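Observations on the three-dimensional arrangement
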Amino acid sequence: MNQASAPAPRESYELTGKRTKELTKRQIRKARISGIVLLLLSGLVMLVFVPAVSGVSTFGLSTPDDAIQLDSLAVPSAGSLWVLSAVLAFLGATQFFRGFQGKTTIILGISFGVFAIALMVWAASGQEFSLISMLVATVSRSTPIALGALSGILCERSGVVNIGIEGMLLGGAFTGVVMGSLLGGWVGLLAATLTGGVLALLLAVLAVKFRVDQIIIGVVINILVLGLTSFLTAQVLVKKPELNDAPIFAAVKIPILGDIPIIGPMFFDQTIIVYGMFFLIGSVTYLLFRTRWGLRTRAVGENPKAADSLGVSVAKVRYLAVIYGGMVGGFAGAWFTLGSVGRFDENMTGGRGFIGLAAMIFGAWNPIGAFLAALIFGFSESLQQKFALLDIPIPSEFLAMAPYLVTIVVVAGVVGRVRPPAADGQPYEKQ
Amino acid sequence: MELQLRGITKRFPGVLANDDVSLTARSGTVLALIGENGAGKSTLMNVLSGLYRADGGEILIDGVHQTFRDPGDAIKAGIGMVHQHFMLVPVFSVYENVILGVEPTKAGGVLNRREARREVKEISERYGLAVDPDAKIEDLPVGIQQRVEIIKVLLRGAKILVFDEPTAVLTPQEVEEFFGIVAELKARGATIIFITHKLKEALAVADDITVLRGGRVVGHADPKTATPEDLASMMVGREIDLTVDKEPGTPGRTVLELTDVTMVDDYGRPLLNKVSLSVAAGEIVGIAGIQGNGQTELVEAITGLLPIASGRVEFDGNDISGASVRSRHMRGIAHVPEDRNDMGMVSSFTVKDNLMLDSYYTAPFSKGGRLQRDHIVEAALGLVEAYDVRPPLIENTGGALSGGNAQKMIVAREFSRDVPLVICAQPTRGIDVGSIEYIHEQIVRKRNEGKAILIVSTELDEIFALSDRILVMYDGKIVAERLAGDTTPTEIGLFMAGKGS
């Protein structure tokens, strides 16, 4: 009703589909709001952080066993904060009065990055802050989130909503540790992957064949896995601790690449599960957007009827996509046990599956976007971890909240509305 | 290729949808298959496209017997369906839509996008179907989307093309272009089946016409000699008069008056540009114009659904420019909206509830906040009877009604209120001849009772059949005003195209 079509510019995009670009009132309002948010952040840095610091902030850029040692970076705390605050104020004011239009999202990303740096300068004032270990932890911690998001993307691109990622992570973590304890890490990893696949098969059968509401199935999977693993932990793992003692995958350093300062330890000196995540993000992106399988999967997620009328089997496409998605989720579960501590604790995934869903939406159902979103969440987790170790005068629970608050602001007010696959969550009934 | 159907019979529980249907579509010709909604056209086409299996009869292509187990068989046999509701993925590019299911690939199932674009280009050049292979479907106008559908079936090697109500969603200009495409396909030897209930279109493009009624073939007609009246009578089974009987109107006092009404979109561009008009009691004013020239916005400005930027809307001498939708409704403006499914009714509600949508909160239908079921049922039964809504089952959902009957239900709701002004936007879009005739009669009856009527229609025939006075909208402005008796469709058509002096 409100999408009144103006007749005049029609000819211009008749064949090419190009739209005219003009600033709408809504965009102007958004630019104003985000400008104000940036100005407030600038004020926060200037008025709260600056008076609290003294001396220099030191950032460690290398760990002792790195091949190439970089000197720690020492910056004057107050001076840096003044500069960062000024940058935020400049970006905020520009956004408020003029707006960055097409570049808004990038500029906002940079702004939040600047704010994060300010936060670290403040925290590191007068002490040494190991930046490198935090960056390494960021990549590692973003792994289960990125994989969870990828699991969701695979399912939802085919039109099946997967709320059960959390359950798939938890199930994978559990069987991973048990099979890992019995038969070694690789078998554990395989078992975790298969567990996710089996849970996804349940989702697929109920969603595709019996057309049960997909939200409900997902919730049921989460509750079922949580209950089952908690029960088995209390009844079995506690009595037989040898079943809850799996080998941990050690970080594997890739020759040469692993020696590059900063980048090396972040990306080329990680566990096999992190490498698996890189490989899956890249390969699923390629598969989804460049292959026949991807075209058909996306078509089924957007307009199953059209796909069906062209001889594409909607059920087959959905079964495959959901099962692949589940396997990715189960693989991600192994990160919690085989990839870090080697033992299972009740509900140890702690909502990472749901954060993965948020990363999926934030990344607009695109694997690479979801990975970048996962990095933000991973960064926030490791920052919080770091702050808990340093002597910071704010409770770490509040710090843990901040990134999510930022996310809400970003998702709700700034990023253009992202669009899920059109047939997402809708059962398909052949006529 | 020549297509023959012999004695096709298809039964559904309790219904004989196709009864011994035989027809022939000759190679390189256009066969128009016409019939009312429910005449069995869709069932027949579903049999032809392999979705249903016939209980009896046979399908012959070039004299060879065919068996279709699923749509894939029909496609292989060279039959291509262009559905009324396009089967396209809106967020995909043109070439992605076209190749879906028959993707050219390199090793390992990797799409060969260069080959895909080349295939689309080749067909679009060979048949004169200009379209950019990389354009996104949702950015394209409906007429171009239809071309993509046609390219899709041609790519799959279709020699027999079946178009289901192809013009229902097109603007008049796009309809012209579509007829050009049909002529081109025909010239290249394609056999075309054109399902429609628009008689003039059937007469304009067809080489043969076959008429279905109640699941049977009731006749064939030669488009060179038949008249729309002949076809309408065959379709409906009784004499149909396509001209509306009416005396000249006798305009009385002014009921609705718009002065310099302007409305702008989000970008600040004018949707309505200083529109002034008036409608008097006892006259029908018709707004002619090609879709998208401000008619929708005009109606929404009068009914209050969209706010106006400047100007004045007066009703019965009172300024209602800022009044709410409910207030305007209560003052006495009835509105038959242009999109019956999205705005006219709630498809999942019962007929009874749909009939009460505008008055459920008033006595006697509501008392102390509780609905009075007995009154509602009684009133609803009266309305379906009085307005000939079939089937007259008030507990069925609105969505279960055919287009024509759903429209009659909406007309029943709006016309049953005794109010001074009735606005009908596209009152007969996409509905059957019998319902059109009926609704036109009701509109004239309402005028004869001394009501002011405003009709918005993109069908010039309808404008001329009903109006006492005709206004033409172009680019958000009223560009012409004529008394119906003083003008011709040609003159109005020129104004509609923005070419009038």
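Residue indices begin from 1 for each chain and proceed along its sequence in written order. All chains are assigned letters beginning at A, and all ligands numbers beginning at 1, according to the order in which they are written. Where local features are concerned, this predicted model is filtered to residues with pLDDT of at least 70; where side-chain atom pairs are given and counted, the filter is 80 or more; whole-chain, interface and lining totals use all residues.

In plain terms, the rule: UniProt positions are given in the numbering used here, feature names are shortened, and annotations may be inferred rather than shown by experiment.
The Subcellular location (unreviewed entry) comment attached to chain B in UniProt states, word for word, "Cell membrane".

Under the Subcellular location (unreviewed entry) heading, UniProt states for chain A: "Cell membrane".

Quick notes on the overall build of chain B
Applicable threshold: Helix and strand assignments come from DSSP, with helices taken as H or I runs of at least 4 residues and strands as E runs of at least 2, each series counted from the N terminus. Put simply, the radius of gyration uses C-alpha atoms, and a globule should come to 2.2 Å times the residue count raised to 0.38. Two residues form a contact once the distance between their C-beta atoms, set from the backbone, is within 7 Å.
Tallying secondary structure elements over chain B gives 17 helices and 22 strands in all. Relative to the 2.2 N^0.38 estimate, which gives 23 Å for 501 residues, the radius of gyration of chain B is 25 Å and therefore close to what a compact globule would have. Counting only C-alpha atoms and orienting by the principal axes, one finds that chain B spans roughly 70 × 50 × 50 Å. Long-range contacts, defined here as pairs at least 24 residues apart, represent 69% of the contacts in chain B between residues at least 6 apart.

Thoughts on the nonpolar core
Quick reminder of the rule: In these notes, a nonpolar core means any group of buried Ala, Val, Leu, Ile, Met, Phe, Trp, Tyr and Cys residues linked to one another through C-beta atoms within 7 Å. With C-beta atoms placed from the backbone, a residue counts as buried when 20 or more other C-beta atoms lie within 10 Å of its own, as exposed when 12 or fewer do, and as partly exposed for counts between those limits.
Counting 255 residues, the largest nonpolar core has Ala 146, Leu 150 and Ala 359 of chain A together with Phe 194 and Ile 423 of chain B as its most contacted members. The biggest single contributor to this core is helix 13 (residues 314-341) of chain A, with 15 residues. Not counting residues up to four positions away in its chain, the partners in contact with Phe 194 of chain B are Val 30, Leu 31, Ala 32, Leu 33, Phe 163, Val 205 and Ala 206 of chain B.

What to know about the sheet that holds strand 19 (residues 421-425) of chain B
Hydrogen bonds between backbone groups are what pair the strands of a sheet, and the pairing can be parallel or antiparallel. Residues and elements named next belong to chain B. To be explicit about the condition: Strand pairing is assigned whenever DSSP detects at least two bridges linking the two strands. Angles run from 0 to 180 degrees between N-to-C directions of axes, and those axes are lines fitted to C-alpha atoms, restricted for helices to the stretch in contact.
The strand order across the open sheet built from 6 strands is 16-19-20-13-21-22, with neighbouring strands paired in mixed fashion. Edge positions in the sheet fall to strand 16 (333-336) and strand 22 (477-483), since each has one partner strand and no second. Neighbour to neighbour, the strand axes of the sheet diverge by 20 degrees on average, direction disregarded. As defined by bridge partners, strand 21 (residues 469-474) adjoins strand 22 across 6 bridges and the pair is classed as antiparallel. Each bridged residue has a counterpart across the sheet, and for Met 473 the counterpart in strand 22 is Ile 478.

Section: the UniProt feature "domain: ABC transporter" (unreviewed entry) in chain B
UniProt records the feature "domain: ABC transporter" (unreviewed entry) for residues 3-239 and 256-500 of chain B in the present numbering. As annotated, residues 3-239 of chain B has a helix share of 34% and a strand share of 26%, and its two end C-alpha atoms lie 32 Å apart.

Details of the environment of Met 45 of chain B
All names here are of chain B. In this structure, Met 45 sits in helix 1 (residues 41-48). The spatial distance from the C-alpha of Met 45 to the C-alpha of Ile 193 is 9.6 Å, given a sequence separation of 148 residues. Among residues more than four places away in sequence, those in contact with Met 45 are Met 81, Val 162, Asp 164 and Ile 195.

With respect to the sheet that holds strand 15 (residues 318-319) of chain B
All names here are of chain B. Spatially, 12-11-14-15 is the arrangement adopted by the 4 strands of the open sheet, whose pairing is antiparallel. Two strands lie at the open edges of the sheet, namely strand 12 (270-280) and strand 15, each paired on one side alone. The pairing of strand 14 (residues 310-315) with strand 15 spans 2 bridges and is classified as antiparallel. Across the sheet, residue Glu 314 finds its bridge partner in strand 15, namely Asp 319.

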